[in-house]
Amino acid sequence: MSEKSVKDAVSFGERVAASQAFAELFRDGMALVEQTAAYLDGPGRQDAKKLSRQAALAYATESMRLTTRLMQLASWLLLHRAVKEGEMTLAQASKEKAKVKLVSAEHNDEQNIKLLPERLRALVERSKALQRAVRRLDATMHATPSRADRANPVERQIGLLKAAFEQEG
């Protein structure tokens, strides 16, 4: 990969981090973290006490998965806010984000999900939607040009634009 194509990819990634789309994703993601914490520490405790044994086990499992997912997403968002604020480069964020798990190998047991209180189910679904949006944005920001892209820079730019607009929709 030429030095120019690496600089172009980094420059594009830094522009995405500074975009309105990222700002909205950051705001929504951090709000979801706060709302989830408020629910689990308050009304969620009351909801859990009313559940059957099987539903309580599902609640414990899903609330742990939810908090783990949100911690990973918040870490990613905070890393990229640091890029936006100029506190670190995209290359530094790329190294640090290797510690963040954006992919989930979670087993979804729909029967257990149905046992959960409606509010917890909604938080789980919102966190999964946030995870999909972050994964799309991550792929856009940290895209490295392939050999084919280096051979055809116009095709690469079209691909980057598609990725950027897909994450906004």
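Per chain, residue numbering runs from 1 following the sequence as it is written. Residues qualify for local features only when their pLDDT is at least 70, as the model is predicted, and side-chain atom pairs are given and counted only at 80 or more; totals for whole chains, interfaces and linings, by contrast, use all residues. Calculated side-chain values reflect all of the structure's heavy atoms, with hydrogen atoms and water omitted.

### A short note on the overall build of the protein chain
Line of reasoning, step 1. Within the protein chain one finds 9 helices and 0 strands.
Line of reasoning, step 2. Counting from the N terminus, the helices are the DSSP runs of H or I reaching at least four residues and the strands are the DSSP runs of E reaching at least two. For the protein chain, the N- to C-terminal ordering of α and β elements is α-α-α-α-α-α-α-α-α.
Line of reasoning, step 3. The proportion of buried residues among the 169 residues of the protein chain is 35%.
Line of reasoning, step 4. Contact between two residues is taken to exist if any of their heavy atoms lie within 4.5 Å; hydrogens are not considered. Sequence-distant contacts in the protein chain: of pairs separated by 6 or more residues, those separated by 24 or more amount to 80%.
Line of reasoning, step 5. Shrake-Rupley sampling with a 1.4 Å probe provides the accessible areas, and residues are treated as covered by the protein chains on show and by no other component. Summing over all exposed atoms, the protein chain offers an accessible surface of approximately 10,100 Å²; the carbon and sulfur share of this is 54%. Here the term buried applies to any residue with accessible area under 20% of the maximum for its type, exposed to any over 50%, and partly exposed to those in between, with areas from a 1.4 Å probe on protein chains only.

### Let's talk about the pattern of salt bridges
Any two side chains of opposite charge can pair, given that their charged atoms come close.
Line of reasoning, step 1. Salt bridges are counted wherever a side-chain nitrogen of Lys or Arg sits within 4 Å of a carboxyl oxygen of Asp or Glu. Inspection of the entire model under this criterion finds 6 salt bridges.
Line of reasoning, step 2. Where Lys 99 meets Glu 96, a salt bridge forms, and the shortest distance between an N and an O atom there is 3.1 Å.
Line of reasoning, step 3. Since its relative accessible area comes to 60%, Lys 99 is described here as exposed.

### Details of the packing of helix H2 (residues 20-41) against helix H7 (residues 118-141)
Line of reasoning, step 1. Here, axes are lines fitted to C-alpha atoms. For helices the fit covers the stretch in contact, and angles between N-to-C directions go from 0 to 180 degrees. The contact between H2 and H7 brings their axes to 11 Å, and the two run at 155°. Classified by the interaxial angle, the pair formed by H2 and H7 is roughly antiparallel. Where H2 crosses over H7, the two elements pack in a sense that is left-handed. Contacts between H2 and H7 involve Phe 22, Leu 25, Gly 29, Leu 32, Gln 35, Thr 36, Tyr 39 and Leu 40 from the first element and Arg 119, Leu 120, Leu 123, Arg 126, Ser 127, Leu 130, Ala 133, Val 134 and Leu 137 from the second. By the definition adopted for this analysis, an angle is roughly parallel if under 35 degrees, roughly antiparallel if over 145, roughly perpendicular if from 65 to 115, and oblique otherwise. Crossing chirality is assigned from the near helix's rotation relative to the far helix, an anticlockwise turn below a right angle marking it left-handed and a clockwise turn marking it right-handed.

### Some details on the packing of aromatic side chains
Line of reasoning, step 1. In summary, the pairing rule links any two rings of Phe, Tyr or Trp, Trp by its six-membered ring, whose centres are within 6.5 Å, and it sorts them by plane angle into stacked for under 30 degrees, edge-to-face for over 60 and tilted for everything else. Evaluation of the coordinates by the stated rule reveals 2 aromatic pairs.
Line of reasoning, step 2. Summarising the aromatic geometry, the rings of Phe 22 and Phe 26 are spaced 6.2 Å apart at their centres and angled 40° between planes, so their arrangement reads as tilted. Highlighted residues: Phe 22 and Phe 26, both in helix H2, separated by 4 residues, approximately one helical turn. Residues Phe 22 and Phe 26 agree in their burial class; the two are buried.
Line of reasoning, step 3. Each member of the aromatic cluster is reached from another via a ring pair, and the members are Phe 22, Phe 26 and Trp 76.

### Overview of helix H4 (residues 53-84)
Line of reasoning, step 1. A helix is expected to span 1.5 Å multiplied by its residue count minus one. Between its terminal C-alpha atoms H4 stretches 46 Å, which fits the 46 Å expected from 32 residues at 1.5 Å a residue.
Line of reasoning, step 2. Residue Gly 86 follows H4 closely and has a positive phi angle near 80°.

### Topic: the environment of Ala 98
Line of reasoning, step 1. Among the structural elements, Ala 98 can be located in the loop between helix H5 (90-97) and helix H6 (110-115).
Line of reasoning, step 2. For Ala 98, a relative accessible area of 58% corresponds to the exposed category.
Line of reasoning, step 3. When the C-alpha atoms of Ala 98 and Trp 76 are compared, they prove to be 9.8 Å apart, with 22 residues separating the residues in sequence.

### A word on the nonpolar core
Line of reasoning, step 1. To qualify as a nonpolar core, a set must consist of buried Ala, Val, Leu, Ile, Met, Phe, Trp, Tyr and Cys residues joined through side-chain atoms within 4.5 Å. Core analysis: the biggest nonpolar cluster contains 29 residues, and Leu 25, Trp 76, Leu 77, Leu 120, Leu 130 and Val 134 have the highest contact counts within it.
Line of reasoning, step 2. For this core, the leading source of residues is H4, giving 9 residues.
Line of reasoning, step 3. If we skip the residues at most four places from it in the chain, Val 134 touches Leu 25, Leu 73, Trp 76, Leu 77 and Leu 102.

### Overview of H5
Line of reasoning, step 1. Among all positions in H5, only Leu 90, Ala 93 and Lys 97 are buried. Down the axis of H5, the sector holding all buried residues measures 55°, keeping them to one side. To obtain the arc, one takes the directions from the helix axis to the C-beta atoms.

### A look at the environment of Glu 34
Line of reasoning, step 1. By the secondary structure assignment, Glu 34 is in helix H2.
Line of reasoning, step 2. Note on Glu 34: relative accessible area 59%, which makes it exposed.
Line of reasoning, step 3. It is 10.0 Å that separates the C-alpha atoms of Glu 34 and Leu 70, two residues lying 36 residues apart in sequence.

### As for the packing of H4 against H5
Line of reasoning, step 1. Running from amino to carboxyl end, H4 crosses H5 at an angle of 165°, the nearest separation of the two axes being 9 Å. Relative to H5, H4 is oriented roughly antiparallel. Handedness of the H4/H5 crossing: right-handed. Listed contacts from H5 to Trp 76, Leu 79, His 80 and Val 83 of H4 are Leu 90, Ala 93, Glu 96 and Lys 97.
Line of reasoning, step 2. Residues are sorted three ways: Asp, Glu, Lys and Arg are charged, Ala, Val, Leu, Ile, Met, Phe, Trp, Tyr, Cys and Pro are nonpolar, and all the rest, Gly among them, are polar. Taken together, the residues that form the contact of H4 with H5 break down as 5 nonpolar, 1 polar and 2 charged.

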